[in-house]
Amino acid sequence: MKISEIFGKMLVNTDGKVCGYVRGAFASGEKIVHLACADGEEREFDVDFRDVTVTGDRIVFCDRRKLKQKSACVRLGLRAYTEDGKFAGYLKDVSTQNGEITHYLIGGKKYPPSALNIGDVIVIRERRVLKEDVIKDSMVLLKKGTELDEQSLKTAQAAGEYVQAQLKSI
């Protein structure tokens, strides 16, 4: 890749939002470290070159500043409560695999990230499970016993059966 190939190209975050354009690069020794960019109002900002994921007719990058704003500090020892206010225990550990959180250990029980709201305390959401199969065109889309998590709801929505999935968990 040559800097001339990315100079002036549109800069887009992973959500598809146009953030500006590339106006140069910062180099340190033998490596490009940051891309020098500007938004539509000519306000300058930098993008860590390690966060650039795709190049072509546009530069796509992971906006780590926004990720940090959306994140919560996970401190061991945080108090955890159920949705009805019962004390569930303290956060004892967080398990990860390849940088992804697999589960949280609270009061001796494991919880998937999708089951928790984390802030000053942890609120454990009640696990919603399908009580019947979700069926579309005589085919089982989601099986009875499937947890209604973000992925299963996306599957149901893509098939036009979001409402059916929600109702069959009640």
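Residues numbered from 1 in each chain as written. Predicted model: local features only at pLDDT ≥ 70, side-chain atom pairs only at ≥ 80, totals over all residues. Heavy atoms only, no water.

Undergrad: I tried to follow the overall build of the protein on my own but got confused; where do I start?
TA: Counting secondary structure elements, the protein contains 4 helices and 14 strands. With the C-alpha coordinates aligned to their principal axes, the bounding extent of the protein is approximately 60 × 50 × 30 Å. A burial count over the protein gives 29% of its 170 residues as buried. Taken as a whole, the protein presents about 11700 Å² of accessible surface, with 50% of it coming from carbon and sulfur. Of the side chains in the protein, 28 bear a positive and 25 a negative charge, and the two mean positions are spaced by 5 Å. (Helix = DSSP H or I, 4+ residues; strand = E, 2+ residues; numbered from the N terminus. Buried < 20%, exposed > 50% of the residue type's maximum accessible area, 1.4 Å probe, protein only. Areas by Shrake-Rupley, 256 points an atom, 1.4 Å probe, with all protein chains shown as cover. Lys, Arg positive; Asp, Glu negative; His and termini not counted. Charge placed at Lys NZ, Arg CZ, Asp CG, Glu CD.)

Undergrad: So what exactly am I meant to see when it comes to the pairing of strand β7 (residues 79-82) here?
TA: On a regular strand, one side chain projects to one face of the sheet and the next to the other, so that they alternate. Pairing between β7 and strand β8 (residues 87-97): 3 bridges, direction antiparallel. Paired with A80 across the two strands is G89, which belongs to β8. Two successive antiparallel strands, β7 and β8, enclose a turn made up of 4 residues, where G85 displays a positive phi of approximately 90°. As paired elements, β7 and strand β12 (residues 122-124) share 3 bridges and run parallel to each other. When the bridges of β12 are listed, A80 appears paired with I122. (Pairing = 2+ DSSP bridges.)

Undergrad: Even after reading the chapter, I still don't get a nonpolar patch on the surface, so can you show me in this structure?
TA: A cluster of nonpolar side chains, contributed by Y162, V163, L167 and I170, occupies part of the molecular surface with about 440 Å² of accessible area. When you line up the elements, V163 lands in helix α4 (residues 162-167). The class of V163 is exposed, set by a relative accessible area of 56%. (Patch = residues over 30% accessible without salt bridge, like charges linked within 9 Å, V, L, I, M, F, W, Y side chains within 5 Å. Salt bridge = Lys/Arg side-chain N within 4 Å of Asp/Glu carboxyl O.)

Undergrad: Honestly, the environment of V12 in this entry has me stumped. Any pointers?
TA: Position of V12 relative to the elements: it lies in strand β1 (residues 10-13). Under the relative-accessibility criterion, V12 is labelled buried at 3%. Between the C-alpha atoms of V12 and F61, which are 49 residues apart in sequence, the distance is 6.4 Å.

Undergrad: I tried to follow the pattern of salt bridges on my own but got confused; where do I start?
TA: Charged atoms that come close allow side chains of opposite charge to pair. Inspection of the entire model under this criterion finds 6 salt bridges. Between D84 and K86 there is a salt bridge whose closest N-O contact spans 3.9 Å. Residue classification places D84 among the exposed residues on the basis of a relative accessible area of 56%. Sharing partners across several salt bridges, the network here consists of D39, E41 and R43.

Undergrad: So what exactly am I meant to see when it comes to the environment of K131 here?
TA: Within the secondary structure layout, K131 lies in the loop between β12 and β13 (134-136). Note on K131: relative accessible area 49%, which makes it partly exposed. Distance in space between the C-alpha atoms of K131 and T146 is 8.4 Å, their sequence separation being 15 residues. Beyond its immediate chain neighbours, meaning those up to four positions away, K131 contacts K144, K168, S169 and I170. There is a polar contact of 3.4 Å between the side chain of K131 and the backbone oxygen of S169. (Contact = heavy atoms within 4.5 Å. Polar contact = N/O pair within 3.5 Å; in protein donor to acceptor, adjacent residues only side chain to side chain.)

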